[in-house]
Amino acid sequence: AFEQDIPQITAVAAAGKPITAVLDASRGAAGRVEGLRIAYVADRVEADSRTLRFFVTLPNEIVGTPRTEGTSRFVTWRYKPGQRMQLELPVEEWRERIVLPTDAVAQDGVEHYVFRSHGDHFDRAPVHVEHRDPEWVVIANDGTLAPGDRVALSAAQQLQLALKNRSGGGVDPHAGHDH
């Protein structure tokens, strides 16, 4: 971790809060290992890299069937030494908010929208985004959405573009030429 992350890491370690390791974003849920704990935080910052080392217990598992050749046994492990992972640490709690997947929220400039189900169609509803990361969006619980409202959980940006294309003006009769 970087030096500026020391207070958050030590707080998570001291509280024993669970953390998540993310292997590869393209692998979806299979690329996430949840419920891990920080086992140890180093007592110094590395002088050359200005980073703090900390260690996480990561239970490993055998993949496939171990094989034996002579007196040697060969095992293939799921997680390999040196394999890169990103760790997600809970550093802030947002109470009484609505959390949606990032694909559920469309962005148009500084405005954000969700598409709420209304009978056989979806209505666009503006929302106030308080936090966004690659996976989740935290929305203010300001009455625009209520817990239990049905919203499109994916393709919100495509719905937004389709709505903009449909409401656009007709074809320019001058095709951009003025004389």
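So, how was this worked out
Residues numbered from 1 in each chain as written. Predicted model: local features only at pLDDT ≥ 70, side-chain atom pairs only at ≥ 80, totals over all residues. Heavy atoms only, no water. Helix = DSSP H or I, 4+ residues; strand = E, 2+ residues; numbered from the N terminus. Contact = heavy atoms within 4.5 Å. Areas by Shrake-Rupley, 256 points an atom, 1.4 Å probe, with all protein chains shown as cover. Phe/Tyr/Trp six-rings, centres within 6.5 Å; stacked < 30°, edge-to-face > 60°. Lys NZ or Arg CZ within 6 Å of the ring centre and 35° of its normal. Salt bridge = Lys/Arg side-chain N within 4 Å of Asp/Glu carboxyl O. Polar contact = N/O pair within 3.5 Å; in protein donor to acceptor, adjacent residues only side chain to side chain. Core = buried A, V, L, I, M, F, W, Y, C linked by side-chain atoms within 4.5 Å. Buried < 20%, exposed > 50% of the residue type's maximum accessible area, 1.4 Å probe, protein only. 1 Å grid on protein atoms, 1.4 Å probe; cavity = no way out; pocket = protein on both sides within 12 Å on 5 of 7 lines; lining within 4 Å. Points joined across faces, edges and corners; volume = space filled by probe spheres on them. Nonpolar A, V, L, I, M, F, W, Y, C, P; charged D, E, K, R; others polar. Pairing = 2+ DSSP bridges. Axes fitted to C-alpha atoms, helices over the stretch in contact; angles between N-to-C directions.

1. Quick look at the overall build of the chain
So, step 1. Regarding its fold elements, the chain presents 2 helices and 13 strands.
So, step 2. Considering only residue pairs separated by 6 or more positions, the chain has 52% of its internal contacts joining residues 24 or more positions apart.
So, step 3. Accessible surface, the chain as shown: approximately 13,000 Å² in total, 51% of it carbon and sulfur.

2. Description of the packing of aromatic side chains
So, step 1. Scanning the entire structure with this criterion turns up 1 aromatic pair.
So, step 2. Lying across the ring of Tyr 113, Arg 124 places its NZ or CZ 3.9 Å from the centre.

3. Some details on unusual backbone geometry
So, step 1. Notably, Glu 96 is not glycine yet its phi reads approximately 50°, a positive angle.
So, step 2. Backbone geometry at Ala 155 places phi at a positive 65°, although glycine is not the residue there.
So, step 3. Of note, Ala 155 is situated in the loop between β13 (136–139) and α2 (156–167).

4. Comments concerning the pattern of salt bridges
So, step 1. In total, this model carries 12 salt bridges according to the counting rule given.
So, step 2. Here Glu 135 and Arg 32 are joined by a salt bridge, their closest N and O atoms 2.6 Å apart. With Glu 135 in the loop between β12 (129–132) and β13 and Arg 32 in strand β2 (residues 32–36), this residue pair connects regions lying 103 residues apart in the sequence.
So, step 3. A salt bridge links Arg 97 to Glu 130; the shortest N-O distance between them is 2.4 Å.

5. Considerations on the environment of Arg 132
So, step 1. Structurally, Arg 132 can be placed in strand β12.
So, step 2. When sequence neighbours within four positions are dropped, the list of residues in contact with Arg 132 reads Thr 102, Val 105, Gln 107, His 112 and Val 137.
So, step 3. Within the structure, the side chain of Arg 132 is placed 3.5 Å from the backbone oxygen of Thr 102, a separation counted as a polar contact.

6. Brief notes about the nonpolar core
So, step 1. In this structure, Ile 98, Leu 100, Ala 104, Val 105, Val 114, Ala 125, Val 127, Val 129, Val 137, Ile 139, Leu 145 and Val 151 together form the largest nonpolar core, which totals 12 residues.
So, step 2. Elements that contribute at least two residues to this core include exactly β8 (98–101), β11 (121–127) and β13.
So, step 3. Not counting the four nearest positions on each side in its chain, Ala 104 is found in contact with Tyr 113, Val 114, Ala 152, Leu 153, Ser 154 and Ala 156.

7. A short note on the layout of surface pockets
So, step 1. Each pocket or cavity is described by its volume, and for the second largest pocket that value is around 680 Å³.
So, step 2. Forming the boundary of the second largest pocket are 23 residues, of which Phe 54, Arg 84, Met 85, Gln 86 and Leu 87 lie nearest the centre.
So, step 3. Here the element with the most residues in the lining of the second largest pocket is strand β4 (residues 52–56); it accounts for 3 residues.
So, step 4. Looking at the lining of the second largest pocket residue by residue, the class counts come to 16 nonpolar, 4 polar and 3 charged.

8. Some remarks on the sheet that holds β8
So, step 1. Taking strand neighbours across the sheet as the criterion, the 3 strands line up as β8-β13-β12 in an open arrangement whose pairing is antiparallel. The sheet is open, and its two borders are formed by β8 and β12, each paired with just one other strand. Strand-to-strand twist across the sheet, computed as the mean angle between neighbouring axes with direction ignored, equals 25°.
So, step 2. One ladder, built from 3 bridges, connects β12 with β13; its direction is antiparallel. Bridging across to β13, Val 129 finds its partner in Ile 139.

9. A word on the pairing of β4
So, step 1. For strand β3 (residues 38–45) and β4, the ladder comprises 4 bridges, and the chain directions are antiparallel. The residue bridging Val 41 from the neighbouring strand is Phe 54, located in β4.
So, step 2. The antiparallel pairing of β3 with β4 creates a hairpin that spans 6 residues between the two strands, and Arg 50 there sits at a positive phi of about 60°.

10. Describing the pairing of strand β10 (residues 111–118)
So, step 1. Pairing geometry for strand β9 (residues 106–108) and β10, over 3 bridges, is antiparallel. Considered in β10, the bridge of Ala 106 is made with Tyr 113.
So, step 2. Adjacent in sequence and paired antiparallel, β9 and β10 are bridged by 2 residues, among which Gly 109 carries a positive phi angle near 65°.
So, step 3. In sequence, β10 turns back onto β11 through a hairpin of 2 residues, with Gly 119 there showing a positive phi of about 70°.

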